[in-house]
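Listed below, chain by chain, are the residues.
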Amino acid sequence: MGTKSIRHIVETAVSSYLTGKAEFSGMQISTGDSADVQSLPRIICYCPSANPPPDLPEGLGNFLAQTEVHVMSSADDTNLTAHRARCAAVAGYMDSVADLGAVFTSGGDASLYDITPQAEADDHESRIWHTTLSYGVLCVLPA
């Protein structure tokens, strides 16, 4: 197995994948460990945990990565309808295992098996619309 963290690999692949989409032009898209100055609107791709899947043997490089895509918009510049449209666009793109899998493959650090949507939750932080879309990302590190 490689020396890169599966969590970092997943965050990098998801953020790279979303960066190329026209709907997100002008938005800052980053990984959870990014040191960039944060600005709005933004998307943060964060992988808080990764564990061997319960139905696959451990030690073979398989991981179920809990992945969150945080979509944040200024409530002063964006109404809730426009913010939710951004979230719907993220959800639509995250629904394509083939397209996201190609990003994993091109990175050469892991292969993607499947993506399972888990939850979507809104939070209003002072003047920020904040939606978290959660996914289970099933992937494998190369042998």
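Residues numbered from 1 in each chain as written. Predicted model: local features only at pLDDT ≥ 70, side-chain atom pairs only at ≥ 80, totals over all residues. Heavy atoms only, no water.

Trainee: For this particular structure, what's the right way to read the sheet that holds strand β3 (residues 62-74)?
Mentor: The strands making up a sheet associate through hydrogen bonds between their backbones, and the pairing can be parallel or antiparallel. Reading across from one edge, β1-β2-β3-β5-β4 is the order of the 5 strands in this open sheet, with mixed pairing throughout. Whereas interior strands pair on both sides, the edge strands pair on one side only; in this sheet they are β1 (28-31) and β4 (111-125). The sheet shows a mean angle of 20° between the axes of neighbouring strands, direction not considered. Where β4 meets strand β5 (residues 128-140), 13 bridges bridge the pair, whose relative direction is antiparallel. Directly across from Glu120, in β5, lies its bridge partner Leu133. Contacting β2 (42-51), β3, β4 and β5, helix α2 (residues 80-94) runs over the sheet at an angle of about 5° to β5. (Pairing = 2+ DSSP bridges. Helix = DSSP H or I, 4+ residues; strand = E, 2+ residues; numbered from the N terminus. Axes fitted to C-alpha atoms, helices over the stretch in contact; angles between N-to-C directions. Contact = heavy atoms within 4.5 Å.)

Trainee: I would appreciate a short explanation of the packing of aromatic side chains in the present structure.
Mentor: To describe a pair of aromatic rings, you give the distance between the ring centres and the angle between the ring planes. Enumeration over the complete set of coordinates arrives at 2 aromatic pairs. Note on Phe24 and Tyr93: the rings are 6.0 Å apart at their centroids and 70° apart in plane angle, and the pair reads as edge-to-face. Taken together, the positions of Phe24 in the loop between α1 (6-19) and β1 and Tyr93 in helix α2 put the pair 69 residues apart, joining distant regions of the chain. Under the relative-accessibility criterion, Tyr93 is labelled partly exposed at 21%. Three or more aromatic residues link up through ring pairs in this structure, and these residues are Tyr17, Phe24 and Tyr93. (Phe/Tyr/Trp six-rings, centres within 6.5 Å; stacked < 30°, edge-to-face > 60°. Buried < 20%, exposed > 50% of the residue type's maximum accessible area, 1.4 Å probe, protein only.)

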